[in-house]
Amino acid sequence: MDASLRPGRVRRAAWPLTAAVATAALIGGCSGQGAESGAPKASPSRSASAPAPQRNGSGGTDSLQSDYQRVIKDVLPSVVQIDASNSLGSGIVYDGQGHIVTNAHVVGNERTFKVTASGSGSAIMAKLVAAYPEQDLAVIKLDSVPSGLKPARFGDSAKVEMGQIVLAMGSPLGLSSSVTQGIVSATGRTVSEGRDGGGTGATIANMVQTSAAINPGNSGGALVNLDDEIIGIPTLAATDPDMGGSAAPGIGFAIPVSMVKTVADQIIKNGKVIDSGRAALGITGRTVVDSGYQPAGVAVVAAPPNGAAAKAGLKVGDIITRIGSTDITSITALTEALAADKPGQKVQVTYTRDGAKKTAEVTLGEI
């Protein structure tokens, strides 16, 4: 059974700060478009869940509690609330120049925002630097840099492992400076985000799965380890389609810090992303179905002559059914298969032409 994954929106008028908001199931984002209903698909495998801390003779619980409190004190000042025209989200202070990194679905189509730091009663105006919807990331910049602005410390994605304790920090349901705890449940997830309701349609590889509770308003915030380091940006949470779209507890996904830094650094330096690092087949395609109306491949609708596929001999009308050892049944499956590959990498593409099965070695291009 597939889980549904939702990047969320929090309309300020829709979320009064009362206990009633606890029934909400969507991960949080920010835009002027309100709550969203899109449900992209993924198939997370069984993964670990967070154990309760156990007290022992050496005071293990007290030590863990002290660790939590230290991390919160150190990192929470670097996590901000982002207020768009009628909705709320979260962001992370990226540097001392006032750059804030967040999700692209948080900024939506807006260009100006109010940013409030933890413990601050006053908001500072900020403007969009650039968004990169393909990876659901964006950078905004404060109009003025307040004294004491504290940039976050960013960790190393290569050191993120299952079982590590993490804290999720942000403004869920408009409750600013909130913290939840859990563990890294899995790494290396590839997740596709829908466009319905404001999602960017991004397919994101190497996401960190976490059991830390993520709710509307958390998008763009911080997933933090016990070394006071950001290891990801919470972006998607799972809901159960068999339960009417209610929350699937303990299944959330964060963009890995390596991709956050790659995108943010390019936006800050160049005003845009100039090296995506994302592989492309160089086609326009659409999902085709078999005689039982089940997805059965991707038809090539367009293949520009300078594209990777065309250079390898593919042409309009071919139906792609496999990339390497991965079966391709839909355009989403194709995007997910390519998400883990790199430009310049050679892959074997299996396709049919006029009913005949063929293969071609394709040197991947770049998005």
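Just above sits the structure.
Residues numbered from 1 in each chain as written. Predicted model: local features only at pLDDT ≥ 70, side-chain atom pairs only at ≥ 80, totals over all residues. Heavy atoms only, no water.

## Looking at the pattern of salt bridges
Rules: Definition used for salt bridges: Asp or Glu carboxyl oxygen within 4 Å of a side-chain nitrogen of Lys or Arg. Per the convention used, a helix needs a DSSP run of H or I reaching at least four residues, while a strand needs a run of E reaching at least two, with both numbered from the N terminus. Each residue gets one of three labels from its accessible area relative to the maximum for its type: buried under 20%, exposed over 50%, partly exposed in between, using a 1.4 Å probe on protein chains only.
For the coordinates displayed, the defined rule picks out 7 salt bridges. Arginine 70 is paired through a salt bridge with aspartate 67; the nearest N and O atoms lie 3.1 Å apart. Placement of the pair is arginine 70 and aspartate 67 together in helix α1 (residues 60-75), with a separation of 3 residues, close to one helical turn. For aspartate 228, the salt bridge identified is with arginine 70, shortest N-O distance 3.3 Å. Taken together, the residues aspartate 228 in the loop between β12 (222-225) and β13 (230-240) and arginine 70 in helix α1 connect sequence positions 158 residues apart. For aspartate 228, a relative accessible area of 11% translates into the label buried. Linked through salt bridges whose partners overlap, the residues forming this network are Asp67, Arg70 and Asp228.

## Let's talk about unusual backbone geometry
The backbone of serine 177 sits at a positive phi, close to 60 degrees, despite the residue not being glycine. Here serine 177 lies in the loop between β9 (165-170) and β10 (178-192). Positive phi values are uncommon outside glycine, yet asparagine 206 reaches one of about 60 degrees. In this structure, asparagine 206 sits in strand β11 (residues 203-210). The class of asparagine 206 is partly exposed, set by a relative accessible area of 47%.

## A word on the side chain of threonine 203
Keep this limit in mind: Distance and chemistry together define a polar contact, namely a pair of N or O atoms within 3.5 Å, with one atom able to donate a hydrogen and the other to accept it when in protein, and with adjacent residues in sequence counting only for side-chain atoms on both sides. In this description, contact between two residues means that some pair of their heavy atoms is separated by no more than 4.5 Å.
Within the element layout of this structure, threonine 203 appears in strand β11. You can call threonine 203 buried: its relative accessible area is 6%. At 3.0 Å, the side chain of threonine 203 forms a polar contact with the side chain of serine 192. When sequence neighbours within four positions are dropped, the list of residues in contact with threonine 203 reads Glu134, Thr190, Val191, Ser192, Arg278, Thr335, Glu336 and Ala339.

## Points about the packing of aromatic side chains
This is how the line gets drawn: Pairing of aromatic rings covers Phe, Tyr and Trp, the last counted by its six-membered ring, and requires centre-to-centre distances within 6.5 Å; plane angles under 30 degrees mean stacked, over 60 mean edge-to-face, and any other angle means tilted.
With the rule as written, the count across this model stands at 1 aromatic pair. With 5.1 Å between their ring centres and 55 degrees between their planes, tyrosine 94 and phenylalanine 154 make a pair best called tilted. Taken together, the residues span a long stretch of sequence, with tyrosine 94 in the loop between β4 (88-93) and β5 (99-102) and phenylalanine 154 in the loop between β8 (137-142) and β9 at a distance of 60 residues. By the burial criterion, tyrosine 94 is buried, and phenylalanine 154 matches it.

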